[in-house]
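This is what each chain is made of:
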Amino acid sequence: MNKLKQNKSLILIILLILFGAIIRVVLIDKVPNALNVDEVSAGYEAYSVLNYGVDRNGNFLPVHFVAWGSGQNVLYSYIMMPFILIFGLNVFSIRLPMALIGILALFLFYKLIKNVENKKVAIIGLAFLVICPWHIMKSRWGLESNILPELILLSSFILIKYIRTKNAKLLYLFAGVLGISTYAYGTSYFFVPVFLGITLIYLLYKKNIKISQAIKTLLITGIIASPLIIFTIINTFDLPQINLGFTTIPRLTANRYQEVSSVFSGSFLKNSLNNFIESIKIVMFQNDKLEWNALKWYGICYIFSVPFMILGIFINFRKNEENISKNIINIWFISSLLLMFVCEPNINRINVIMFPIIYYVVIGISATIEKSRKLVPIILILLYIYSFISFGLYYFNKNFDEMFVFEGGLQEVIEYVDSKDKKIYITNKIKEPYIYVLFYTKSNPIEFKETVTYFTKGSNFEVVKSFGKYNFYIPANMVNDGIYVIRKDDIEKINLDGFEVKDFGKYVVLE
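The structure contained in this document is the topic of the report that follows. (Residues numbered from 1 in each chain as written. Predicted model: local features only at pLDDT ≥ 70, side-chain atom pairs only at ≥ 80, totals over all residues. Heavy atoms only, no water.)

1. Focus: helix α15 (residues 354–370)
It helps to recall that an α-helix has 3.6 residues per turn; residues three or four apart then point in one direction. With 17 residues, α15 extends 24 Å between its outermost C-alpha atoms, agreeing within 8% with the 24 Å of an ideal straight helix rising 1.5 Å per residue. Of all the 17 residues making up α15, 14 are buried; the element is thus mostly covered by neighbouring parts of the structure. (Helix = DSSP H or I, 4+ residues; strand = E, 2+ residues; numbered from the N terminus. Expected span 1.5 Å × (residues − 1). Buried < 20%, exposed > 50% of the residue type's maximum accessible area, 1.4 Å probe, protein only.)

2. Description of the packing of helix α2 (residues 37–52) against helix α3 (residues 75–87)
Between two packed helices, what matters for the description is the angle formed by their axes and the separation of those axes. At a closest axis distance of 8 Å, the pairing of α2 and α3 adopts a crossing angle of 70°. Between α2 and α3, the interaxial angle falls into the category roughly perpendicular. For the pair α2 and α3, the crossing hand works out as right-handed. Along the contact surface, α2 presents Ala42, Gly43, Glu45, Ala46, Tyr47, Val49 and Leu50, while α3 presents Ser77, Tyr78, Met80, Met81, Ile84 and Leu85. A per-class count over the contact of α2 with α3 returns 10 nonpolar, 2 polar and 1 charged. (Axes fitted to C-alpha atoms, helices over the stretch in contact; angles between N-to-C directions. Parallel < 35°, antiparallel > 145°, perpendicular 65-115°, else oblique. Left-handed = near helix turned anticlockwise from the far one by under 90°. Contact = heavy atoms within 4.5 Å. Nonpolar A, V, L, I, M, F, W, Y, C, P; charged D, E, K, R; others polar.)

3. A short note on the sheet that holds strand β5 (residues 423–426)
The 7 strands lie next to each other as β6-β7-β8-β5-β9-β11-β10, forming an open sheet whose pairing is mixed. Both outer strands of the open sheet, β6 (453–454) and β10 (501–504), are each paired with one neighbouring strand and no more. As judged from the 2 bridges shared by β5 and strand β8 (residues 470–471), these two strands associate in the parallel manner. What sits directly across from Tyr425, in β8, is Asn471. (Pairing = 2+ DSSP bridges.)

4. Re the packing of aromatic side chains
According to the stated counting rule, one finds 41 aromatic pairs in the structure shown. Between Phe276 and Phe341, the ring centres sit 4.3 Å apart and the planes meet at 5°, which makes this aromatic pair stacked. One end of the pair, Phe276, is in helix α12 (residues 268–285); the other, Phe341, is in helix α14 (residues 324–342), with 65 residues separating them in the sequence. A relative accessible area of 28% means that Phe341 is categorised as partly exposed. Among the aromatic side chains, those forming a connected cluster through ring pairs are Trp141, Trp292, Tyr298, Phe391, Tyr394, Tyr395, Phe396, Phe400 and Phe406. Sitting over the ring of Trp68, Arg56 keeps its end group 4.8 Å from the ring centre. The lysine or arginine in question, Lys431, covers the ring of Phe461, its NZ or CZ lying 4.7 Å from the ring centre. (Phe/Tyr/Trp six-rings, centres within 6.5 Å; stacked < 30°, edge-to-face > 60°. Lys NZ or Arg CZ within 6 Å of the ring centre and 35° of its normal.)

Here is the structure:
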């Protein structure tokens, strides 16, 4: 009987992971139906380093991209490279790694909860994560910061395995993953030392590690993160970049770490308190008003899940001194709360708190089911199934092309005009149109670096004016020795005499 029950559980787990995988992969090159400017940038940087060894700013194997001027994290771009090598540079290849990371997270989340709680709660947790709006949405586009939560999930799972087995190799592997996570997103510069510091102090207090092991753990994380520590020093104190031959530690035109956090602000206390309050509002109301992070009626993990989250937090912190594994998740949660003070709030900036929140929701749901009559679990299951179907229909039919930071109508246009031997002028009513040109034409980054000119050279966000035959503005005097890409809704303002007009949906080409 036990064996039959185990087989049923295994089949259910496999089916849930397969279903979660389908939701995260199917039509990934079509939904979202437009490319975000940051995922295009990360994709082109991956292609550039893979094929030429340098990013678009000419830096050899950098530890951090200069990108727009204020920087972009490198880890996801480096992860993309094998996929670009196999599938080429396209929407599928830059989004697939994120989807696969999301699928891996389903398994890791199940295993983590199973180690902390029990198999029944772990299956509930897996089922919930499979249909969680935040996790589905973040797994389906290539925003580089979205891999940080999974890295912390992996490191926490490894640490909890160490607590159960006392295998020192797992402790040092935990330290290594934490070190690698600093290359995922700038918020890790604050989160990782806080999380690691509190965790090591707690484990020392509980006599789960020796002082020598704590020192080794700190050293492993510190050594792996040391290029980024140097990077932060260079950009905080306005020092020159370092070219080491095998890598570049770049100087940005603006300090991204300062931009993401308010640590160095003159109004630190006021800003920190405001950041925390606004971040708590995001967690409680499940929305940051950015529809690529959360949809209004569904939120991070369905709005009606908030009471379960509060209940789960209460349960997990109440009389929990002896459960060291549970307290690792609580430390993760507390470290995330501290991050909220120094981080300008939106969902992707505070994304490291999401797995603890989801874990608490699962604990709250599990406790409710355990103490309720049989009708309550059925009602909850039906409510979540209905909400998931409603979310899926809304999300898979949503037009992301309406959002300024997403662009879905340029590929065919760019591929058409690129074949022309004329100057090309592209409207600047697109968010950073040059990066889409680099992406779709697979331009040589060395040639880009040699020919690029800027409207705002040296600013915290360098706006490209031109490179090669491409110009990213429409001149006041349009003559027919050039080719012009404009939005269709601007065509009424232009004298079309002497131009042939080609229609590309949202855009028209005048030549």
